[in-house]
Amino acid sequence: MSRLLVCPPDYFSIEYEINPWMRRSNAVNSDQAVRQWHHLMQVLEQDVGAVLERMKPVPGLPDLVFTANAGIVVGGTAVPSRFRYAERQKEEAYFEDWFRGQGYEVVTLDPGRFFEGAGDLLGFSDTWFGGYRQRSDIRVFPTLSDWFHREIIPLELVDNRFYHLDTCLCPLSGGELLYFPPAFDHYGQAALAERIAPSRRVVVPEAEALRFACNAVCVGKHVVLPAGCPETESLLTLRGYLPHPIPLDEFMKSGGSAKCLTLALD
Amino acid sequence: MMHDQETVLLQGHIIDSLILAKVLDTILMMGGTFDLQDMQIGKTREEPSRAKIIVRASSAKLLSEILHAIQPHGASVESERNCRLSAAPADGIFPDEFYATTHLSTQVRVRDQWVEVEGIEMDLGILVDPARPTARTVPMGEVKRGDLIVIGREGVRVIPLQRPRDRDVFSFMESQVSSERPHGHVIGDIAKRLVQLRTGVREGRVGSRVLLAGGPAIVHAGGREALTWLIDEEFIHVLFCGNALPAHDMEVDLYGTSLGYGHAAGRVVPHGHEHHLRTINRIRTIGSIEAAVRSGVVKTGIMAACVRRGAHVVMAGTIRDDGPLPGVITDSLEAQAAMRAAIPGIGLALLVASTLHAVATGNLLPATIPSVCVDVNPAVPTKLADRGSFQAVGLVMDAASFLRELARELGWKS
């Protein structure tokens, strides 16, 4: 059973621009956003079998909907995010309160060390990957590695359109890696190639990477991803996965998709 | 010389992620260099690794650019402490625990910045003016009560010598000194340097002057003419010696003997042992070596060449001196100070046939100045080479042969 933290998009809109996808002139169609979000929830609950924990939305915090950036949860411990941009720093207290309210042991990072949660830290059971440079500070990874006894391979994000690691890399439950190599420099690409056998590397084509094909939620054999990525779907199907494409273009206006809208709690 | 440096720490899973490789590549690509000073590699996959890296650059600006470029990859500048200072308790006395310098370039951390120590020389203290902030070396005898002197080792860093770019004998200095090595190529390399440095002096480049510290064996063994020629041709610009070298040099001019030995005849001449005393007495009568040369009393030789060419001469006396000649400094500390004052601007030092002056000069020279020590006694070049500088070349050979061969290499026709 997989538990995911989500937050309804009641106040979702574009009120500032902190990544290349956001344009305040490109207004969100709120009704459409709500419909798309509910569709995603329905698939996650009914088709994928995930259990959803819903957080209360807060007026004035349009990006609270992207719960992947709440922090990370490992067992009974939660590490809340420390956002790089002031616009999202106001979310920190709400996420932290939610973790405490649910009985998690909350461990906090030093102030001034940016860390944007599961947006920049994901991986397999033994090895995690940490995205840095765009949002998170590489110096948080040795601390997290020490707390959770996991190897964390830092990967520099070199293309600001892929500003979080979860926008260009998605570990799959069978040990494969869905990713877009040009989002990393050659050191990062070499480190990934060294770690993951060629047969397990699933390379997403650029056009679909730009539709955030990698921003997918993988639970067992189910992979929930944004609609419009047929090649990625075929690649997944070939490896025995069951793709669930969902139209999420309202959230793409803000630079987020399926994965950004969820946080794995277990 | 690459003087600007900073120590950075890098930790985490820096090996498999190639973060360490990326940081080191970045330093090199930007034109810096690094020393991996301390490397601890995690024993298990989960265990992080740790690297302490000294980053060096040719300027403070480049260093700051490099640090700026590697900082996002987690390379953080190690926090360092300022040096500790204590006031000298009295004139001529360092505070307890004073830091004693080496002959290597040194920096001290004052008010959170690294300050270059001026006038580096071994076995001195470091005087700091925290207000400006500046730092310079100070000999024990010259320290004044209340001077702020560096104590302990905290906040002091010694910059290792960089291998010189020129691929000559100075860049491949072996610490071993042997009388059985062929000298030809070494002398050839020294000659090339002398030509470069003479051009430097003529073009007004700082650090191009050549110093020769020598003993009277140069005259006794027959190196006088070659050295005279080297000074006349402006290959040598500064001379350190005692009382004996000028005395015997001028004795040859006035009496045709050195220490009573007929220079041309090759045997002891009657009452020859008095000649050097009579020479000294004569010069004392005239008042100075310079006056003796200018008035035409002394016409040939090393001292005459020095006067003609305006070479800077420092004569430091010893307790066995006769006379001494006018101009010989008999107070050792004064002599040291005069020698020290002549060091800035020197680009090469030749230490020839004098244990006393070679070691004294060697102690005054920063390691960055290439030096050649020539002596028939292997103990002297060995002593100099043991200072640990790979720019000190030792040659076990007779002074006259060395100077003659060197002069011939440069075009002297004997």
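Residues numbered from 1 in each chain as written. Chains lettered and ligands numbered in written order. Predicted model: local features only at pLDDT ≥ 70, side-chain atom pairs only at ≥ 80, totals over all residues.

*Asks:* Run through the overall build of chain B, naming residues and quoting values.
*Replies:* Counting its secondary structure elements, chain B contains 13 helices and 20 strands. Within chain B, buried positions represent 44% of all 414 residues. Taking as baseline every contact in chain B between residues at least 6 positions apart, the subset at least 24 positions apart corresponds to 64%. (Helix = DSSP H or I, 4+ residues; strand = E, 2+ residues; numbered from the N terminus. Buried ≥ 20, exposed ≤ 12 C-beta atoms within 10 Å, placed from the backbone. Contact = placed C-beta atoms within 7 Å.)

*Asks:* An account of the sheet that holds strand β1 (residues 4-12) of chain B is requested, with residue identities and associated values reported.
*Replies:* With respect to topology, four strands assemble into an open sheet ordered β2-β3-β1-β4 (chain B), the strand pairing being antiparallel. Edge positions in the open sheet fall to β2 (33-40) and β4 (76-77) of chain B, since each of these has one partner strand only. (Pairing = 2+ DSSP bridges.)

*Asks:* Tell me about helix α9 (residues 302-309) of chain B, and name the residues and values.
*Replies:* Residues and elements named next belong to chain B. Those residues of α9 not exposed but buried are I302, M303, A304, A305 and C306. Contacts from the buried residues of α9 go to α5 (224-232), β13 (238-241), α6 (244-255), α8 (289-294) and β16 (312-316). The positive-phi residue at the C-terminal boundary of α9 is G310, with phi of around 70°.

*Asks:* Go over the interface of chain A and chain B with me, naming the residues and quoting the values.
*Replies:* Each partner contributes residues to the interface: chain A has 17 residues there, and chain B has 16 residues. Among the secondary structure elements, those contributing two or more residues to the side of chain A that touches chain B are α4 (140-148), β8 (151-156) and α5 (186-195) of chain A. Grouping the constituent residues of the side of chain A that touches chain B by class yields nine nonpolar, two polar and six charged. (Nonpolar A, V, L, I, M, F, W, Y, C, P; charged D, E, K, R; others polar.)

*Asks:* I'd like a description of the sheet that holds β8 of chain A, backed by residues and values.
*Replies:* Through backbone hydrogen bonds, the strands of a sheet pair up, either in parallel or in antiparallel fashion. All names here are of chain A. With mixed pairing, three strands are arranged side by side in an open sheet as β6-β7-β8. Both outer strands of the open sheet, β6 (121-123) and β8, are each paired with one neighbouring strand and no more. In this sheet, adjacent strand axes meet at a mean angle of 30° when their direction is disregarded. Direction of pairing for β6 relative to strand β7 (residues 127-132): antiparallel, over a ladder of three bridges. (Axes fitted to C-alpha atoms, helices over the stretch in contact; angles between N-to-C directions.)

Distances and angles like these do not, on their own, reveal function.
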